[in-house]
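A closer look at the structure
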Amino acid sequence: MQATAHHKYARISPRKVSIVSDLIRGKDVKTARAILLHTPKAASELLIKVLDSACANAENNLDIGRDNLYVYKVLIGAGPTLKRMHARAKGRGYRILKRTSHITVTVADRDEEN
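The sections below set out a description of the structure shown in this document. Numbering of residues begins from 1 in every chain and follows the order in which that chain's sequence is written. Thresholds applied to this predicted model are a pLDDT of at least 70 for local features of residues and 80 or more for the giving and counting of side-chain atom pairs; totals over whole chains, interfaces and linings are not thresholded and use all residues. Just so you know, side-chain values use all the structure's heavy atoms and leave hydrogens and water out.

**What to know about unusual backbone geometry**
Here is the rule we go by: Put simply, DSSP H or I for four residues or longer makes a helix, DSSP E for two residues or longer makes a strand, and each gets a number counted from the N terminus. Remark: exposure states derive from per-residue accessible area (1.4 Å probe, protein chains only) relative to the maximum for the residue type, with buried under 20%, exposed over 50%, and partly exposed in between.
Although it is not a glycine, Tyr9 adopts a positive phi angle of roughly 60°. The phi angle at Asp63 is positive, at roughly 55°, despite the residue not being glycine. Examined against the element boundaries, Asp63 turns out to sit in the loop between helix 3 (42–62) and strand 2 (69–78). Taking the relative accessible area as the measure of exposure, Asp63 reaches 69% and is therefore exposed.

Written out as structure tokens, the structure reads:
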């Protein structure tokens, strides 16, 4: 059985989040949370919140103990890009792209898979 949590429109680029998400994919929840706590990246805070939410969904909706869970899948997708202008010389404007991400974390029961 699997439980999923989403964070849509996160104000961080997908490239930055995917670097951190590669660290926790396939690990058990306790190890993944410890890795994220000690990773000095902005994306680790967002992933901790989504991971905790997925674990809470598994506990409350599926009655799975937190000790048996592992990170089954982490999906990082690109959300809409906010387009801003930066004033430059001679009346020009340079475009600034503020990228957003959609983060999805799925946890599964370790005993169920085997």
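Next comes the rest of the description.
**Considerations on the pattern of salt bridges**
Worth spelling out the cut-off: We define a salt bridge as a side-chain nitrogen of Lys or Arg found within 4 Å of a carboxyl oxygen belonging to Asp or Glu.
Here the structure, examined in full by the defined rule, presents four salt bridges. Between Asp22 and Arg25 there is a salt bridge, with the nearest N and O atoms lying 2.7 Å from each other. On the basis of relative accessible area, Asp22 is assigned to the partly exposed category, the value being 49%. A relative accessible area of 36% means that Arg25 is categorised as partly exposed. Two residues, Arg66 and Glu59, come together in a salt bridge whose shortest N-O distance is 3.3 Å. Given the relative accessible area of 35%, Arg66 is considered partly exposed.

From the geometry alone we can't say anything about function, so treat these as descriptive.
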